[in-house]
Amino acid sequence: MHGYHRNYLKYLFRSETVLRDNTADTEVGFRRARLAVLGVNAMEERPAKTILLIEKEPGEARLIREMLNGPASGFFELDHVESIRDAEKYLERRSVDVVLLDASLAQPSGMEAIGRVRTASPRVSIVLLSNADDEATAIQAIREGAQDYLIKGQIEPRELMRALLNAAEQKIIEEIQFIEKERAEATLDCIGDAVICT
């Protein structure tokens, strides 16, 4: 495993521990804990995780943004679109770490929306925003490959941060596994070529 990816996984794991165990409620306390985990000064902080929020309700989108602009400021960079079509156009131009998807979209339906996000960005991590009366769809989405889901109206900032960090970590793990698979296949091809030549 490449050294950068190995160290980055350690960073994500330790960051998750801070989000779970840190009891500091102020932004200053949160940042001090974060810097203590990273062992670096503010100028050396790693880039923020990129999040694409697909949410048709402006009020819900504003609430999510406010949560991520609180103690989590600096951890995440959030962009917002209101439809799957806009998300597809966005993902054609940019890659993101996590898609935060409103599962209650009428057009297309939640499961179809997940499929279209996957088509636009095959290895992106997906976290669903589900209504309490539609949790069954969210659970089905997990079975189909989504990383997590959150219930609208019940989301706490730390729960949101944990879900996004876990999803980002899963994306890194899957990318490493993909790289390792490609490397193994290339090694086997080289071995096969060498056998043929001898």
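Note that the structure is a prediction, hence the values are computed from the model and not measured.

(A) Structural context of the pattern of salt bridges. Under the defined criterion, the tally for this structure stands at 7 salt bridges. Taking the shortest distance from any N to any O, the salt bridge between Asp102 and Lys56 comes out at 3.3 Å. Taken together, the residues span a long stretch of sequence, with Asp102 in strand S3 (residues 98-102) and Lys56 in the loop between strand S1 (49-54) and helix H3 (58-68) at a distance of 46 residues. Among the residues examined, Asp102 registers a relative accessible area of 0% and is labelled buried.

(B) Structural view of the packing of helix H4 (residues 84-93) against helix H5 (residues 110-120). At their nearest, the axes of H4 and H5 sit 9 Å apart, and the two run at 15° to each other. Compared by their axis directions, H4 and H5 come out roughly parallel. Judged by the sense of rotation from one axis to the other, the crossing of H4 with H5 is right-handed. For the pair H4 and H5, the contacting residues are Ile84, Arg85, Glu88 and Leu91 in the first and Ala113, Arg116, Val117 and Ala120 in the second. By residue class, the composition of the contact of H4 with H5 is 5 nonpolar, no polar and 3 charged.

(C) Summary view of the confidence of the model for the chain. Predicted confidence across the chain gives a mean pLDDT of 76, with 69% of residues reaching 70 or more. Per-residue pLDDT, averaged within each element of the chain, yields its smallest value for helix H2 (residues 27-38) (42) and its largest for H4 (95). Note on residues 8-45: pLDDT under 50 across the span, and 59 contacts to partners over four residues away in sequence or across chains.

(D) Quick look at the sheet that holds strand S2 (residues 76-81). Strand order in the open sheet made by the 5 strands is S2-S1-S3-S4-S5, with parallel pairing throughout. Edge strands, defined here as strands with exactly one partner in the open sheet, are S2 and strand S5 (148-151). Sheet twist, expressed as the average angle between the axes of neighbouring strands with direction ignored, equals 20°. As paired elements, S3 and strand S4 (residues 125-130) share 5 bridges and run parallel to each other. Paired with Val98 across the bridge in S4 is Ser125. In the packing of H4 onto the sheet, the strands contacted are S1, S2 and S3, and the crossing angle to S1 comes to about 155°.

(E) Looking closely at the nonpolar core. In this structure, Ile64, Phe76, Leu100, Leu160 and Leu164 are the most contacted members of the largest nonpolar core, which totals 22 residues. Listing elements by their share of this core, those giving two or more residues are S1, H3, S2, S3, S4 and helix H7 (157-197). Setting aside residues up to four positions removed in sequence, Leu100 forms contacts with Ile51, Leu52, Leu53, Ile54, Ile64, Val127, Leu129, Leu160 and Leu164. The next biggest cluster of nonpolar side chains, apart from the first, holds 21 residues, and it includes Leu52, Val81, Leu91 and Val96.

(F) Structural context of the packing of aromatic side chains. Enumeration according to the criterion identifies 1 aromatic pair in this entry. Both rings, one in Phe75 and one in Phe76, keep their centres 6.0 Å apart while their planes meet at 35°; by these two values the pair is tilted. The class for Phe75 is buried, based on a relative accessible area of 3%. Residue classification places Phe76 among the buried residues on the basis of a relative accessible area of 9%.

Rules of the game
Residues numbered from 1 in each chain as written. Predicted model: local features only at pLDDT ≥ 70, side-chain atom pairs only at ≥ 80, totals over all residues. Heavy atoms only, no water. Salt bridge = Lys/Arg side-chain N within 4 Å of Asp/Glu carboxyl O. Helix = DSSP H or I, 4+ residues; strand = E, 2+ residues; numbered from the N terminus. Buried < 20%, exposed > 50% of the residue type's maximum accessible area, 1.4 Å probe, protein only. Axes fitted to C-alpha atoms, helices over the stretch in contact; angles between N-to-C directions. Parallel < 35°, antiparallel > 145°, perpendicular 65-115°, else oblique. Left-handed = near helix turned anticlockwise from the far one by under 90°. Contact = heavy atoms within 4.5 Å. Nonpolar A, V, L, I, M, F, W, Y, C, P; charged D, E, K, R; others polar. pLDDT = per-residue confidence, 0-100. Pairing = 2+ DSSP bridges. Core = buried A, V, L, I, M, F, W, Y, C linked by side-chain atoms within 4.5 Å. Phe/Tyr/Trp six-rings, centres within 6.5 Å; stacked < 30°, edge-to-face > 60°.

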